[in-house]
Number of protein chains: 2
Amino acid sequence: MGMVEDQQYVYPSVNMEQCKSRVAVPPPQPFLKSLQGSLKETFFPDDPLRQFKNQPRSRKVILGLQYFFPFLEWAPKYSLEFLKSDLIAGVTIASLAIPQGISYAKLANLPPVLGLYSSLVPPLVYAMMGSSRDLAVGTVAVASLLTGSMLSTVVNPTKDPKLFLHLAFTATLVAGVFQTSLGLLRLGFIVDFLSHAAIVGFMGGAATVVCLQQLKGIFGLTHFTQSTDLIDVMHSVFSQEHQWRWESVVLGCCFLFFLLLTRLFSKRKPKLFWISAMAPLTSVILGSLLVYLTHAEKHGIQVIGYLKKGINPPSFGDFVFVSPYFPVALKTGIITGVIAMAEGIAVGRSFAMFKNYNIDGNKEMIAFGMMNIFGSCTSCYLTTGPFSRSAVNYNAGCKTAVSNIVMSVAVMITLLFLTPLFYYTPLVVLSSIIISAMLGLIDYEAAIHLLKIDKFDFIVCMSAYIGVVFGSVETGLVVAVAFSVLRLLLFVARPRTFVMGNVPNSISYRSIDQYPAAQTVPGILILEIGAPIFFANATYLRDRILRWIDEEYDRLKSSGETNLYYVILDMSAVGSIDTSGINMFEELKKIMDRRDLKLVLANPGGEVMKKLQRSKVVELLGEEWIHLTVGEAVGACRYMLHTFKPKSTPKSMGDQLETCNNV
Amino acid sequence: MGMVEDQQYVYPSVNMEQCKSRVAVPPPQPFLKSLQGSLKETFFPDDPLRQFKNQPRSRKVILGLQYFFPFLEWAPKYSLEFLKSDLIAGVTIASLAIPQGISYAKLANLPPVLGLYSSLVPPLVYAMMGSSRDLAVGTVAVASLLTGSMLSTVVNPTKDPKLFLHLAFTATLVAGVFQTSLGLLRLGFIVDFLSHAAIVGFMGGAATVVCLQQLKGIFGLTHFTQSTDLIDVMHSVFSQEHQWRWESVVLGCCFLFFLLLTRLFSKRKPKLFWISAMAPLTSVILGSLLVYLTHAEKHGIQVIGYLKKGINPPSFGDFVFVSPYFPVALKTGIITGVIAMAEGIAVGRSFAMFKNYNIDGNKEMIAFGMMNIFGSCTSCYLTTGPFSRSAVNYNAGCKTAVSNIVMSVAVMITLLFLTPLFYYTPLVVLSSIIISAMLGLIDYEAAIHLLKIDKFDFIVCMSAYIGVVFGSVETGLVVAVAFSVLRLLLFVARPRTFVMGNVPNSISYRSIDQYPAAQTVPGILILEIGAPIFFANATYLRDRILRWIDEEYDRLKSSGETNLYYVILDMSAVGSIDTSGINMFEELKKIMDRRDLKLVLANPGGEVMKKLQRSKVVELLGEEWIHLTVGEAVGACRYMLHTFKPKSTPKSMGDQLETCNNV
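Residues numbered from 1 in each chain as written. Chains lettered and ligands numbered in written order. Predicted model: local features only at pLDDT ≥ 70, side-chain atom pairs only at ≥ 80, totals over all residues.

Each helix and strand counted, chain A has 27 helices and six strands in total. Taking 26 Å as the expected radius of gyration for a compact globule of 663 residues, we find that chain A reaches 33 Å, considerably beyond that expectation. With the C-alpha coordinates aligned to their principal axes, the bounding extent of chain A is approximately 105 × 70 × 55 Å. For chain A, the residues scored as buried account for 53% of the 663 residues in total. Sequence-distant contacts, at least 24 apart, represent 82% of the contacts inside chain A between residues at least 6 apart. (Helix = DSSP H or I, 4+ residues; strand = E, 2+ residues; numbered from the N terminus. Rg over C-alpha atoms; globule rule 2.2 N^0.38 Å. Buried ≥ 20, exposed ≤ 12 C-beta atoms within 10 Å, placed from the backbone. Contact = placed C-beta atoms within 7 Å.)

Next up, the structure:
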């Protein structure tokens, strides 16, 4: 333990008040007030009630209504010019919503018409309750796939389609209730625990899995595996080589090529975004015409077939609340609800940022939740704000949520009059539409960016991807969340500590890792603690600080420099401390005393000072050994070394000593 | 969104290099080296291999052997004087170990002789492999109770005692293997995630529950509930009023009074520790004599009865690896293993601190694990280093682990020759011994201390206590861990941010919450970010910073002061950042640009600078807007405000402007 014998240096206790600014303890706050403060920061960080302050009662009622129904805010100011823009945007997203809706419903093993139903009611609800001006409501591929695969574990969608449908409504209801509750309880921040890296990996993996599922449509297969992992799907495709339909493959590849070409084109010239927006509908029309003219449905090209005419039938009598079905619906609803919500909020926020307005995540959750609750009662399944459709909406110049109403009306007209036109639409075209949409979600550039900036984030991302592709979508989600939280816990458990030195030509002290030119001070070890101290890292920090001291002794021994007398801990980065952290300081002080080292603190923050004082650690350390800055702490230590020379002061040290007044 | 119109102030781009010290980016490190560094900090924070460096090969072999068998280190230096001390300490702890061992075995629904077996083999293993000089090995009450109650869920200990016994051995083996693996994988830090507050509450609750169980012995009941919660136990006691034996109650209360009195006495005069250490054995002898002389065993006083003579029979053929028993043994082993390990390591560490030597937690885990593996093969159940026994060992002046060997020999002699003497030992005495030991574990003073210093820690503590007492020991454990981790996550998700001002008579800038006298700078908002930035808090921090800005606008509007032009973020406490955090800065910059605010950073740390540079955020912000200190940043902003006056500079501001050279 490197106890150096000649180090018996008795620390004089002198009043050094003249040398230092006092480190303040923040004024005491009544417990209830500080509790209120923490609760507010936790649940109302964006202070949504700020605008209600100092308002007359009638105004408060209006503001309250506007809070839950944002359309009341913009509707009175709505102009004809806005309507023109919203009409164009609405028609554009409708042309995308119809083929996508049908495709995604197929992905969820649900009747294709459900995709249209789901683009009718939820957008209307969102138009009233949502606060984003750019979000276009609709179903999403990943949640659809997940709904399909999770519900298939208890009900076979081909054998008992009705029960399967009812389970899907139940799962949607659960998702809606769950989203609304989270919003009302202001627990929206749990979505933040899905890290960006995890989402990139998870979405990429899910997109890959969705594309793999489309091989069924592309190859015109009638039997296909129920699992979603790469190996099962590949086995399913390549074990049925004799079933492959070349007509289907050719048609699929042509349309995929067409769709990707229009995407590329629109990417190059963003003004022509409508070309790629219209491409899916064009593909559907072309495909249907082709099949109609060539009677390809009799030559191995599967078609959608009969779509029921008429708008959404009610479905609130269809919910299934009995075991063993309900538990699965519950699980499905919660998982898909969280994923859909995370996507919707992220999309809403990013477009809000472009246009410089604000989105309240918790309020959005309530809107999504209500939209799914209403949806589940009117034959819709899970909807959210998909990125692709919202981007088209934004590019098409939408002004308000009216574009969603326009889309809804367009879908209604389709449902009332145009469903027979989809009879001949080939399934392979829908597969091409899904694949072309999904390829955009595999964000390999983001993954490379992660690799460059943060290796651990890249590992999180790749684990989520591999989890989804080789395991299942749920596995991937669990892996993603687990790795994200593990990273967080590891970071908390192993904070950085640095040796600090004086930055040349300045009075600042900084880590010598970052500023290699910074000069350490003889006889004094200055350490920076890089994170809040609490139970998860208190033991580690104590051990690590002692190791720094041991290493410093080793270094001094080998270089024959001056001895070590003071250890200054820079507490600037210690934003908080708990009782385990306080205990750590008590222990550290004891150990240091036994080693004849003086423990000095620099710049403890308000909360830390409060707790150090309450627990009497300030008295234990001596108030005169707690300084406002590292510079002052060093000054005080040097002054002490100079004035009260330790028994054995090596010569090399003398000329470096200065009084603290010099600093 | 408070956009102020008159704020269209174009920021000039000037070379201000003369005004500032450059913020350094740490020199790049090869990926493998930095990975190695992180892995070392994570798994080898105490650098156990440091002593191996620069040593010849033969020395390395010896050091390696000494690492795993610490007795090789101290055995050669062992002296007669040490032996004298260890002999006294060993005999003292043996006198405690024998009655406690028998009592705790009863608590685990195991044959009493198992308590003696468990004080024979494990201490020998620990003497060779353990690194603590003060730890006394033995069984513990909480783990015993937990073993008893958890295993009772699959096997009835009265109906099938043999299977129950074999399950206990299996659980011990599992615990041993688990502990050893954790130690070998250097994952010992998971123990740190049990916070101090959680442990206080959990141990207090467990002690309460153990005391409650003793009501069976005190009241001389033969039937008793299998559950451990307060309500069930109370119901069990008070529904059998007619079964109460007053002889038993009187005897129990007398011995309890005697034991508590000796404890109090020893507490007052620490030199007389041996009085309380000997009290349990004295009670056993007195109690047995009393029963023998009065034939009280025929008047309702239950006695231990026949104890098998002879040392530990082998038990490695008894393990049960079949369902449904093994899963329960697995769960029991892991849970009791973690709890026992946590106690043992904490005890070892605290005594090591008193005597100023070092304990490697991971190495200790290997020692505990091996001791349980060997124990499970020789008819022992779970052992660790109990606090009470180790404290007696320490107070009795033990020098090395030889005191454990002495205890082991004393227990062996007891097993070989003295077991018949325990025939008449009344169970009620054992109950008194347990209660008196447990009362010391209910650390209400620590709970009050928590209440004073940290309210949230107190809540964690009380939740754990209530969970154990009203639910079960497992419930309490889960509650304790869940609350601890929840606190941690909440803390991470909601870091503090502060407005900073200039501390009078200094060049330092500090939070105005902590230093109410600190003065804010007109036209500049200085914010301190109190924690690392990553996915869990990036969104919150962005919202919170924008809210600070909005609030500042509101304040300025109402007071008619100068406008806001600069926002300085003090990054001193941001020890780390991930890609979500980087994205946050990009977003913040965009939003600020749109509001005609300039974003300025002060003192970003090494890792943060590295990532900001790699992701080109340094370029985005402009390198000249990243400063070494808040003071320099303020200086630069003031200089800019002074030199390039914004269109509408309120008069009040002019006289406060200074060039940065002045600071």
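Moving on from the coordinates now.
With that out of the way, let us pick up the sheet that holds strand β1 (residues 497–502) of chain B. In spatial order, the strands read β2-β1-β3-β4-β5-β6 (chain B); together these six strands make up an open sheet with mixed pairing. The open sheet has two edge strands with one neighbour each: β2 (509–511) and β6 (626–627) of chain B. (Pairing = 2+ DSSP bridges.)

Now for the sheet that holds strand β5 (residues 598–602) of chain A. All names here are of chain A. Pairing within the open sheet is mixed, and its six strands lie in the order β2-β1-β3-β4-β5-β6. Here the strands that pair on one side only, and so sit at the sheet edges, are β2 (509–511) and β6 (626–627). Pairing between strand β1 (residues 497–502) and strand β3 (residues 524–529): three bridges, direction antiparallel. The residue of β3 that forms the bridge with F498 is E528. On top of the sheet, helix α22 (residues 535–559) reaches β1, β3 and β4 (566–570); it is set at about 150 degrees to β3, its chief contact. (Axes fitted to C-alpha atoms, helices over the stretch in contact; angles between N-to-C directions.)

With that settled, the discussion passes to helix α8 (residues 161–184) of chain B. Residues and elements named next belong to chain B. In this model, α8 (24 residues) spans 34 Å end to end at C-alpha, consistent with the 34 Å of a helix rising 1.5 Å per residue. Of all 24 residues that make up α8, 17 are buried, and the element is covered over most of its length. Phi turns positive, to about 55 degrees, at R186, one or two residues after α8. (Expected span 1.5 Å × (residues − 1).)

This brings us to the domain arrangement of chain A. For chain A, the assigned domains are domain 1 (5–30 + 495–662) and domain 2 (73–489). Relative placement of domain 1 of chain A and domain 2 of chain A: their C-alpha centres are 57 Å apart. (Domains from an automatic or database assignment.)

Here the focus is the relation of the copies chain A and chain B. The two copies are related by a screw motion: chain A maps onto chain B through a turn of 179 degrees and a shift of 0.0 Å along the axis, at an RMSD of 0.1 Å. Taken together, these values place the two copies in the relation of a two-fold axis. Proximity to the rotation axis, assessed at the C-alpha, singles out A:A573 in chain A; its C-alpha lies 1.8 Å from the axis. When the interface residues of chain A are mapped onto chain B, 100% of them are again interface residues, pointing to one common binding face. (Least-squares fit on C-alpha atoms with pLDDT ≥ 70 in both.)

This next bit is on the interface of chain A and chain B. Contacts between the two partners involve 76 residues from chain A, matched on the other side by 76 residues from chain B. Taken together, the elements giving at least two residues each to the side of chain A that touches chain B come down to α1 (31–43), α9 (196–213), α19 (444–453), α20 (455–471), α21 (473–493), α22, α23 (579–594) and α24 (606–614) of chain A. In terms of residue count, the dominant contributor to the side of chain A that touches chain B is α23(A) (eight residues). Among the residues forming the side of chain A that touches chain B, the class breakdown is 33 nonpolar, 23 polar and 20 charged. (Nonpolar A, V, L, I, M, F, W, Y, C, P; charged D, E, K, R; others polar.)

On the secondary structure map, A:E587 appears in helix α23. In sequence terms A:E587 and A:R542 are 45 residues apart; their C-alpha atoms lie 8.2 Å from each other. With sequence-adjacent residues up to four places away left out, A:E587 is seen in contact with A:R542 and B:M353.

Residues annotated by UniProt as "transmembrane region" (unreviewed entry) correspond here to residues 135–157, 163–185, 197–215, 244–265, 272–293, 396–417, 423–444 and 456–486 of chain A. Taken end to end, residues 197–215 of chain A has its terminal C-alpha atoms 28 Å apart, with 95% of it in helix and 0% in strand. (UniProt positions renumbered as here; feature names shortened; annotations may be inferred.)

The next thing to look at is the nonpolar core. Residues A:V210, A:I568, B:V210 and B:I568 are the most contacted members of the largest nonpolar core, which totals 401 residues. The dominant element in this core, judged by the number of residues it contributes, is helix α9 (residues 196–218) of chain B, at 13 residues. The residues contacting A:I568, other than those within four sequence positions of it, are A:I524, A:I526, A:V600, A:A602, A:V630, A:A633, A:V634 and A:C637. (Core = buried A, V, L, I, M, F, W, Y, C linked by C-beta atoms within 7 Å.)

Right, let's get into the confidence of the model for chain A. Any segment with low pLDDT has predicted coordinates that should not be analysed in fine detail. Residues and elements named next belong to chain A. Scored by pLDDT, chain A has a mean of 86; 94% of the residues are at 70 or more. Mean pLDDT values for the elements of chain A range from 33 in helix α27 (residues 651–654) up to 95 in helix α8 (residues 161–184). When the criterion is pLDDT under 50, residues 1–20 qualifies, and its contacts beyond four places in sequence or with other chains add up to 32 contacts. In this model residues 648–663 is a low-confidence stretch, pLDDT under 50, and it forms 26 contacts with partners more than four residues away in sequence or in other chains. (pLDDT = per-residue confidence, 0-100.)

So, on to the pairing of β4(A). Along a regular strand, successive side chains alternate from one face of the sheet to the other. All names here are of chain A. Among the five residues of β4, five are classified as buried, and the element is accordingly described as predominantly covered. Judged by which residues are buried, β4 turns out to be covered on both faces: Y566, I568 and D570 on one side and V567 and L569 on the other are all buried. Summarising the sheet, β3 and β4 pair through five bridges and their orientation is parallel. Pairing of L527 across the sheet is with L569, part of β4.

Right, let's get into the pairing of β1(A). Residues and elements named next belong to chain A. Relative to β2, β1 runs antiparallel, the two being bridged by three bridges. When the sheet's bridge partners are listed, N502 is paired in β2 with Y509. Hairpin connection of β1 to β2: six residues between the antiparallel strands, including N505 at a positive phi of 60 degrees.

With that settled, the discussion passes to unusual backbone geometry. All names here are of chain A. Note the cis peptide between S323 and P324, where omega equals 0 degrees. With respect to the element layout, P324 can be found in the loop between α13 (273–294) and α14 (325–355). A positive phi is found at N109, a non-glycine position, where the angle reads about 60 degrees. Classification of N109 by C-beta neighbours within 10 Å gives buried; the count is 22. Notably, R186 is not glycine yet its phi reads approximately 55 degrees, a positive angle. Mapped onto the secondary structure, R186 falls in the loop between α8 and α9.

Bringing the packing of helix α4 (residues 80–107) of chain A against helix α17 (residues 402–418) of chain A into the picture now. Working note: a packed helix pair is described by the angle between its axes plus the distance between those axes. All names here are of chain A. Where α4 contacts α17, the axes come no closer than 7 Å and their chain directions differ by 50 degrees. Of the possible angle classes, the one that applies to α4 and α17 is oblique. Handedness of the crossing formed by α4 with α17: right-handed. Two secondary-structure elements touch here, α4 through L83, D86, L87, A89, G90, V91, I93, A94, A97 and I98 and α17 through V402, S403, V406, M407, A410, V411 and T414. Class assignment of the residues belonging to the contact of α4 with α17 gives a composition of 13 nonpolar, three polar and one charged. (Parallel < 35°, antiparallel > 145°, perpendicular 65-115°, else oblique. Left-handed = near helix turned anticlockwise from the far one by under 90°.)

Residues and elements named next belong to chain A. Within the element layout of this structure, E607 appears in helix α24. On the basis of neighbour counts, which here come to 20 C-beta atoms within 10 Å, the residue E607 falls in the buried class. Note: C-alpha distance between E607 and F368 (239 residues apart in sequence) is 39 Å.

All names here are of chain A. Turning to its location among the elements, A447 is positioned in helix α19. Look at A447 and you get partly exposed, because 19 C-beta atoms sit within 10 Å. In this structure the C-alpha to C-alpha distance between A447 and G201, which are 246 residues apart in sequence, comes to 7.7 Å. Not counting the four nearest positions on each side in its chain, A447 is found in contact with V200, F458 and C461.

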